[in-house]
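# Summary of the model geometry
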Amino acid sequence: MNRAVLVVGGGLAGLTTALRCADQGFEVTLLEARPRLGGAAGSFRRGDLDVDTGQHVILRCYTAYRALLRRFGAADGIHVQPKLRIPVLRPDAPPSVLRRWQAPAPLHLAPALLGYRALAPAERLGAARTALALRALDPADPELDEHSFGDWLRSRGESARAVDALWGLLSVAALNAQPDRSSLALAVKVFRTGVLDGTDSADIGIPRRPLGALHDTAAHRALHAAGVRVLLRTKAVGLRRDALGWRVPVRGRGGEDVLNADSVVVAVPHQHATALLTGLPLPAVPRWSGLSAAPIVNVHVHYDRAVLAEPMAAVLDSPVQWLFDRTAIAGARHGQYLALSLSAAQDLLDRRTDELRELFLPALRDLLPAARRARVDDFFVTREPRATFDQAPGTRAMRPAADTGLTGLVLAGAWTATGWPDTLEGAVRSGERAARVVRAATGDARQAGVEVSR
Ligand SMILES: Cc1cc2nc3c(=O)[nH]c(=O)nc-3n(C[C@H](O)[C@H](O)[C@H](O)COP(=O)(O)OP(=O)(O)OC[C@H]3O[C@@H](n4cnc5c(N)ncnc54)[C@H](O)[C@@H]3O)c2cc1C
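Residues numbered from 1 in each chain as written. Predicted model: local features only at pLDDT ≥ 70, side-chain atom pairs only at ≥ 80, totals over all residues. Heavy atoms only, no water.

## Focus on the site of the ligand
Selection rule: Throughout this document, a residue counts as near a molecule or strand when at least one of its heavy atoms sits within 4 Å of that molecule or strand. Two N or O atoms count as a polar contact when they lie within 3.5 Å, although within protein this holds only if one can serve as hydrogen donor and the other as acceptor, and sequence-adjacent residues are included solely when both atoms are side-chain atoms. Think of it this way: any DSSP run of H or I at least four residues long counts as a helix, any run of E at least two long counts as a strand, and we number them from the N terminus. Under the scheme applied, nonpolar residues are Ala, Val, Leu, Ile, Met, Phe, Trp, Tyr, Cys and Pro; charged residues are Asp, Glu, Lys and Arg; polar residues are all the others, including Gly. Domain borders in the structure are assigned automatically or taken from a domain database.
The immediate surroundings of the ligand are formed by 33 residues, with Glu32, Ala40, His56, Val57 and Asp422 found nearest. With respect to the ligand, the backbone of Ala40 contributes an N or O atom lying 2.7 Å from an oxygen atom. Val57 places a polar main-chain atom, nitrogen or oxygen, 2.8 Å from an oxygen atom of the ligand. For the shell around the ligand, the secondary-structure elements that each account for two or more residues are helix H1 (12–23), strand S11 (235–236), strand S20 (376–389) and helix H13 (424–442). Partitioning the shell around the ligand into residue classes produces 17 nonpolar, 11 polar and five charged. When residues are assigned to domains, the shell around the ligand turns out to be shared by domain 1 (4–47 + 211–291 + 392–448) and domain 3 (293–389), each giving three or more.

## Focus: the packing of helix H2 (residues 63–72) against helix H8 (residues 211–226)
Geometry of a packed helix pair, given as the angle between the helix axes and the separation of the axes. Which entries qualify depends on this criterion: Lines fitted to C-alpha atoms define the axes, with helix axes restricted to the stretch in contact, and inter-axis angles between N-to-C directions lie between 0 and 180 degrees. Here the word oblique covers every angle except those under 35 degrees (roughly parallel), over 145 (roughly antiparallel) and from 65 to 115 (roughly perpendicular). Between two residues, a contact is recorded if the distance between any of their heavy atoms is within 4.5 Å.
Viewed as axis vectors pointing N to C, H2 and H8 meet at an angle of 65 degrees, and their least axial separation amounts to 8 Å. Relative to H8, H2 is oriented roughly perpendicular. Only Leu214, His215, Ala218, Ala219, Arg221, Ala222 and Ala226 of H8 make contact with H2, whose side of the interface consists of Tyr65, Leu69, Arg71 and Phe72. Its residues assigned to classes, the contact of H2 with H8 comprises eight nonpolar, one polar and two charged.

## Here's the deal with the domain arrangement of the protein
The following threshold applies: Values labelled buried area give the accessible surface lost by two parts on being combined, using a 1.4 Å probe and summing over both.
Taken domain by domain, the protein comprises domain 1 (4–47 + 211–291 + 392–448), domain 2 (85–196) and domain 3 (293–389). When each unit is reduced to the centre of its C-alpha atoms, the spacing between domain 1 and domain 2 is 34 Å. Taken together, the contact pairs 10 residues of domain 1 with 16 residues of domain 2. Carbon and sulfur atoms make up 62% of the surface buried where domain 1 meets domain 2, a total of about 890 Å² over both sides. Among the residues domain 1 hides against domain 2, the three largest losses belong to Pro393, Arg396 and Pro421. Together they make up 55% of the total.

## So, the side chain of His215
Applicable threshold: When a residue's accessible area, from a 1.4 Å probe over protein chains only, is under 20% of the maximum for its type it is buried; when over 50% it is exposed; and in between it is partly exposed.
Relative to the helices and strands, His215 resides in helix H8. What makes His215 buried here is its relative accessible area of 0%. A distance of 2.7 Å separates a polar atom in the side chain of His215 from a polar atom in the side chain of Tyr65. Ignoring sequence-local partners within four residues, the contact set of His215 consists of Leu12, Leu15, Leu37, Gly38, Ala41, Tyr65, Leu69, Phe72 and Leu424.

## Things to note about H13
This is how it is decided: Helices are assigned an expected span. That span is 1.5 Å times one less than the residue count.
Given a rise of 1.5 Å per residue, 19 residues ought to cover 27 Å, and the 27 Å separating the end C-alpha atoms of H13 matches this to within 8%. Among the 19 residues in H13, 14 count as buried, and that is most of the element.

## Re the pattern of salt bridges
Under the convention used in this document: The salt bridge criterion pairs a side-chain nitrogen of Lys or Arg with a carboxyl oxygen of Asp or Glu, the two atoms within 4 Å.
In this structure the tally under the stated criterion is 27 salt bridges. For Asp197, the salt bridge goes to Arg192, with nearest N and O atoms at 3.1 Å. Linked through salt bridges whose partners overlap, the residues forming this network are Arg60, Arg100, Asp200 and Asp203.

## Quick word on the pairing of strand S17 (residues 312–315)
Let me state the cut-off plainly: By this definition, two strands are paired if DSSP reports at least two bridges between them.
Burial along S17 is two-sided: Met312 and Ala314 and Ala313 and Val315, pointing in opposite directions, are all buried. The sheet contact formed by strand S7 (residues 85–90) and S17 spans two bridges and is parallel. Bridged to Leu89 within S17 is Val315. The antiparallel pairing of S17 with strand S18 (residues 322–325) creates a hairpin that spans six residues between the two strands, and Asp317 there sits at a positive phi of about 60 degrees.

Structure, rendered in structure tokens:
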């Protein structure tokens with residue numbers, strides 16, 4: 001068996017690939033261009049605060065991601081609520097709560113839909129009917145990916161209010177796109193796997209430690225224990241093959257070098273993969289070059305006192321979308337530190353911090369009476385212009401398989417063809433798949449359980 005595997009990219013996809021390949025007996029080197037592991041799901045320090053590059057939320061149905069955290073010895077780093085409960089705030093209106101029952105699916109959602117005060121009673125009944133129709137759709141049906149979620153909802157008779165205040169409330173956060181810009185196939189995946197098919201699938205998990213503690217510190221320990229060599233601040237700048245295997249020129253703190261490997265797993269975002277693989281005969285590259293990116297903006301507000309009584313809340317009829325209390329997670333020593341997660345944030349990305357301050361502080365005062373009397377001690381903004389790929393109709397055909405068709409060259413990443421949206425769960429599943437392809441191509445394909453082209 002050819003033993004040396006090089007994994008390029010230390011996000012969740014690369015971390016998973018590296019661990020799985022090491023478990024299979026390969027000699028694994030993991031390259032990461034940044035000084036830390038975790039990719040899009042990391043943290044940085046600002047004064048006394050540990051700030052996540054973007055607030056992340058998981059669902060109980062993220063089984064692969066949660067298994068990876070267990071492998072990191074960090075399963076307690078996420079608190080999963082015992083039963084789905086989402087407070088929904090509106091300015092000048094009493095809050096609603098979306099919650100589930102302990103009943104067989106889809107009955108578990110009856111109270112959430114029928115008691116949801118943000119919709120009129122007829123809209124709630126309509127939404128219950130739409131949920132049943134959605135449950136009959138197959139997310140793997142390629143035809144669904146040709147349509148937008150918004151068009152499909154309207155074809156079912158959903159009102160603009162229901163699209164916005166119920167379906168969009170969840171799908172914008174899950175797909176980082178408005179319903180009219182979201183692939184119906186991916187929306188079906190989100191609502192079936194994430195909400196409708198299992199009683200407890202949608203129970204929400206929120207990190208109770210900074211993402212860096214989970215995906216960098218704890219990941220390093222697991223990689224070390226598995227014998228993976230980790231090279232940080234080391235960027236792959238090309239890729240070529242000769243008779244002896246793959247050659248990967250890299251640039252790092254020590255200057256330039258060329259690393260050799262029998263297999264290379266490219267686990268970098270799609271734009272980087274395109275640049276890295278230029279010149280190789282890969283028919284999938286022109287297809288995935290059609291993928292574009294969508295931004296997420298986080299607005300961070302540190303108040304001198306508590307203003308939000310919930311660990312998190314969704315918001316309607318306001319520029320605020322979702323609110324998270326990050327005080328304890330970030331190690332804030334006083335007051336309350338909130339993060340506002342703003343998905344599909346194309347309109348906010350280029351606005352100056354003082355403009356966002358003028359927009360969001362009054363919006364928070366409208367939602368949270370205690371914020372009207374509170375002093376703002378810190379206000380800052382984090383912007384991720386390429387947070388996810390743009391999960392629009394037609395993107396299914398652009399997402400490549402792990403197996404590139406070139407022996408020993410494998411793809412991973414949340415943007416590859418996982419069937420999942422661009423999420424932590426998709427990233428981890430892509431890494432698992434990539435490790436199976438590496439093994440199949442170099443060793444016992446039958447045992448790996450995958451088909452590989454040669
Ligand atoms: C603000 C924000 C909020 C999000 N919220 C959620 C959420 O709530 N729930 C959820 O499930 N998902 C969420 N996501 C999506 C989730 O973070 C991603 O799907 C996932 O982290 C992607 O992992 P990945 O390994 O595929 O890619 P990445 O995390 O992008 O990792 C790729 C790595 O490759 C490295 N790299 C790139 N080029 C090179 C090179 N040439 N050489 C070496 N290294 C290289 C990069 O530095 C990076 O570390 C969010 C993302 C963002 C940005």
